Amino acid sequence: MELLRYPYRADPGLMLMILGFFGALTAVLGWVLISGGGAWYAQALFLAGLVFTIMGYLGLTRRGEVVLDTEAISAPKSLLRREVVHIARADLTSVELRGRRRDRYLWLRAGDRKLVIAERGLPGAEAFDTLVAALDPGLGTA
């Protein structure tokens, strides 16, 4: 088997929409709070908007990769985190395909550890299908 290496990152279009919407919401609520208005719920919405704005920014800037070789698979724990999970192929206890169409996920388990790889984070459906077939040829596609 050859080495498979794919970039893995959040969908830029979705992250821009999140960043734009929650950035605007945060800015408006921040202005309301600075000008002396707003109750506790405005403060709560401001903080929630700030958290989602940061998540949108991280989704645009964080880049990782999925690497599969004969010994192990490595991938970021999630699309927004830098922590990389390494699972030896010999330790895999479960390989599952969940979801449908463009919302498919590859669930890998090794004992009490799990790794979920989203199709949306890979360059395309072909890359996802190749990865699934390399891990479990009998799994097929959903």
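Let us look at the structure shown here. The structure displayed is predicted, hence computed values, not measured ones.

Looking at where Ser-74 falls in the secondary structure, it is placed in strand 3 (residues 72-76). Among the polar contacts listed, one links the side chain of Ser-74 to the side chain of His-86, at a separation of 2.6 Å. Beyond its immediate chain neighbours, meaning those up to four positions away, Ser-74 contacts Glu-65, Val-66, Val-67, Val-84, Val-85 and His-86.

With that out of the way, let us pick up the sheet that holds strand 6 (residues 105-110). What the 3 strands build is an open sheet, ordered 5-6-7; its pairing is antiparallel. Because the sheet does not close on itself, it has two edges, and the strands there are strand 5 (94-98) and strand 7 (113-118). With direction set aside, neighbouring strand axes in the sheet form an average angle of 15°. In this structure, strand 6 lies alongside strand 7, joined through 6 bridges in antiparallel fashion. Looking at strand 7, one finds that Leu-108 is bridged to Leu-115. The sheet contacts of helix 3 (residues 125-135) involve strand 5, strand 6 and strand 7, and relative to strand 6 the element is tilted by about 30°.

As a further point, take the packing of helix 1 (residues 12-34) against helix 2 (residues 40-61). Packing of helix 1 against helix 2 brings their axes to within 8 Å, and their N-to-C directions diverge by 150°. Compared by their axis directions, helix 1 and helix 2 come out roughly antiparallel. Remark: the crossing between helix 1 and helix 2 carries left-handed chirality. Among the residues forming the contact of helix 1 with helix 2, the class breakdown is 16 nonpolar, 8 polar and no charged.

This part takes up the environment of Gly-124. On the secondary structure map, Gly-124 appears in the loop between strand 7 and helix 3. For the pair Gly-124 and Tyr-6, spaced 118 residues apart in sequence, the C-alpha separation works out to 9.8 Å.

Ranked by size, the top nonpolar core spans 25 residues in total, and within it Ile-73, Leu-106, Leu-108, Ile-117, Leu-122, Leu-131 and Leu-135 carry the most contacts. Contributing elements (two or more residues each) for this core: strand 1 (4-8), strand 2 (64-68), strand 3, strand 4 (84-88), strand 5, strand 6, strand 7 and helix 3. Ranked by residues supplied to this core, first place goes to helix 3 with 6 residues. Those residues in contact with Leu-122, other than ones at most four positions away along the chain, are Tyr-6, Pro-7, Tyr-8, Val-66, Ile-117, Ala-127, Phe-128 and Leu-131.

Below, the discussion takes up the sheet that holds strand 1. Taking strand neighbours across the sheet as the criterion, the 4 strands line up as 1-2-3-4 in an open arrangement whose pairing is antiparallel. Of all the strands in the sheet, the pair left with one neighbour each is strand 1 and strand 4. Neighbouring strand axes in the sheet, compared pairwise and without regard to direction, differ in orientation by 15° on average. The pairing of strand 1 with strand 2 spans 5 bridges and is antiparallel. Residue pairing for strand 2: Arg-5 is matched across the bridge by Val-67.

What counts and how
- Residues numbered from 1 in each chain as written.
- Predicted model: local features only at pLDDT ≥ 70, side-chain atom pairs only at ≥ 80, totals over all residues.
- Heavy atoms only, no water.
- Helix = DSSP H or I, 4+ residues; strand = E, 2+ residues; numbered from the N terminus.
- Polar contact = N/O pair within 3.5 Å; in protein donor to acceptor, adjacent residues only side chain to side chain.
- Contact = heavy atoms within 4.5 Å.
- Pairing = 2+ DSSP bridges.
- Axes fitted to C-alpha atoms, helices over the stretch in contact; angles between N-to-C directions.
- Parallel < 35°, antiparallel > 145°, perpendicular 65-115°, else oblique.
- Left-handed = near helix turned anticlockwise from the far one by under 90°.
- Nonpolar A, V, L, I, M, F, W, Y, C, P; charged D, E, K, R; others polar.
- Core = buried A, V, L, I, M, F, W, Y, C linked by side-chain atoms within 4.5 Å.
- Buried < 20%, exposed > 50% of the residue type's maximum accessible area, 1.4 Å probe, protein only.

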